[in-house]
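What follows is the residue order along each chain.
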Amino acid sequence: ALWIVADGVSNGMVEQQGSDANGMGKLLAIGGLPGNPSYDKFVGDWAGFDNDAATKTYAENLFADVSGYVADSGSSRPVGDDLTKLHSTFFADNSPDDIATYAYDAAVSLGLAACEYEKAAGTFDSNFNPALFFEKFVGLTEYSSLSGNVAYIGRDDPSACSSDCGSRDPATANYVLYNFQCASGATTCPI
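Rules used in this analysis
- Residues numbered from 1 in each chain as written.
- Predicted model: local features only at pLDDT ≥ 70, side-chain atom pairs only at ≥ 80, totals over all residues.
- Heavy atoms only, no water.
- Helix = DSSP H or I, 4+ residues; strand = E, 2+ residues; numbered from the N terminus.
- Buried < 20%, exposed > 50% of the residue type's maximum accessible area, 1.4 Å probe, protein only.
- Contact = heavy atoms within 4.5 Å.
- Phe/Tyr/Trp six-rings, centres within 6.5 Å; stacked < 30°, edge-to-face > 60°.
- Pairing = 2+ DSSP bridges.
- Salt bridge = Lys/Arg side-chain N within 4 Å of Asp/Glu carboxyl O.
- Patch = residues over 30% accessible without salt bridge, like charges linked within 9 Å, V, L, I, M, F, W, Y side chains within 5 Å.
- Areas by Shrake-Rupley, 256 points an atom, 1.4 Å probe, with all protein chains shown as cover.

Chemist: Honestly, the overall build of the chain in this entry has me stumped. Any pointers?
Modeler: Helix and strand counts for the chain come out as seven helices and five strands. Helices and strands appear in the chain in the N-to-C order β-α-β-α-α-α-α-α-α-β-β-β. Each of the 191 residues in the chain was classed as buried or not, and the buried ones make up 31%. Intrachain contacts of the chain at a sequence separation of at least 6 include 53% that bridge at least 24 residues.

This is the structure:
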């Protein structure tokens, strides 16, 4: 039987299967691909954020009201670590693909939609029209960003949207498929 697991399944769970995991696949959404100039620049700057106190303080302040968010036995951090505080090599140790590229694209999309909303005479005061804003968000034309081309389901006809309207069009996301290759009799099987 062929098994392909999603990126929500930890590598550790698969690795523990040893040689039984041989040939299994893991499908991962990744944030960008080398060769995209915007992505390449972002990745190049990413690790340097560890030395930028203002960036780290800003990121930690986003979690200022969060308590009890600590590492458990399934975390890559020591059990009990406060996950609202960024350790000294956080950016060097974590790929922007796992954290930032899709979030960046979402923020850009919201900004572009806000511009389109205002052009359509929308206001951001007590007369804010969420339906018009959503229509402008969904109706964004495809554009290039960190993760590549960005488009949303429903862009061709926002009025005919189903329940997935406004979701990222899967055809504009990046995926990679890993194949586990395990030695015969192995007790672990790294990706």
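After presenting the structure, the write-up continues.
Chemist: Honestly, the packing of aromatic side chains in this entry has me stumped. Any pointers?
Modeler: The relation between two aromatic rings is expressed through the spacing of the ring centres and the mutual angle of the planes. Tallied over the full model, the rule gives 13 aromatic pairs. Seen from their ring centres, Trp46 and Phe91 are 4.9 Å apart, and the 80° between their planes marks the pair as edge-to-face. Taken as a pair, Trp46 in helix H2 (residues 37-46) and Phe91 in helix H4 (residues 90-93) lie far apart in primary sequence, 45 residues in all. Assessed through its relative accessible area of 6%, Phe91 is described here as buried. Look at Tyr117 and Phe128: their rings are 5.3 Å apart centre to centre, the planes differ by 55°, and that puts the pair in the tilted class. A residue pair is termed long-range when its members are at least 10 positions apart, and Tyr117 in helix H6 (residues 101-119) and Phe128 in the loop between H6 and helix H7 (130-138) qualify at eleven residues.

Chemist: Where do I start with the pairing of strand E2 (residues 25-30) in this structure?
Modeler: Across a regular strand the side chains alternate sides, sitting on one face of the sheet and then on the other. Note: strand E1 (residues 4-6) against E2, three bridges, orientation parallel. Pairing of Ile4 across the sheet is with Gly25, part of E2. Here six bridges tie E2 to strand E5 (residues 174-179), and the two strands are oriented antiparallel to one another. Paired with Leu27 across the strands is Leu177, a residue of E5.

Chemist: Would you mind going over unusual backbone geometry with me for this structure?
Modeler: It is generally the case that most residues other than glycine have a negative phi and that most peptide bonds are trans. Look at Ala121: it is not a glycine, yet its phi comes out positive at around 70°. Following the sequence through the fold, Ala121 ends up in the loop between H6 and H7. Residue classification places Ala121 among the exposed residues on the basis of a relative accessible area of 65%.

Chemist: Quick question: what am I supposed to make of the side chain of Lys56 here?
Modeler: For Lys56, the location among the structural elements is in helix H3 (residues 53-61). Apart from residues lying up to four places away in sequence, Lys56 is in contact with Phe49, Asp50, Leu86, His87, Ser88 and Phe91.

Chemist: How do you make sense of the pattern of salt bridges when you look at a structure like this?
Modeler: Side chains that differ in charge, positive against negative, can pair when their charged atoms come close. Across all of its chains, the model carries five salt bridges by this definition. Between Glu116 and Lys119 there is a salt bridge, and its shortest N-O distance comes to 3.2 Å. Note that Glu116 and Lys119 are positioned in helix H6 at a spacing of three residues, about one turn of the helix. Glu116 gets classed as partly exposed once you look at its relative accessible area, which sits at 33%. What makes Lys119 exposed here is its relative accessible area of 67%.

Chemist: Would you explain a nonpolar patch on the surface in this entry?
Modeler: On the surface, a cluster of nonpolar side chains totalling about 530 Å² of accessible area is made up of Tyr58, Leu62, Phe63, Val66 and Tyr69. For Phe63, the position within the fold is in the loop between H3 and H4.

What is shown is where atoms sit, not what they do.
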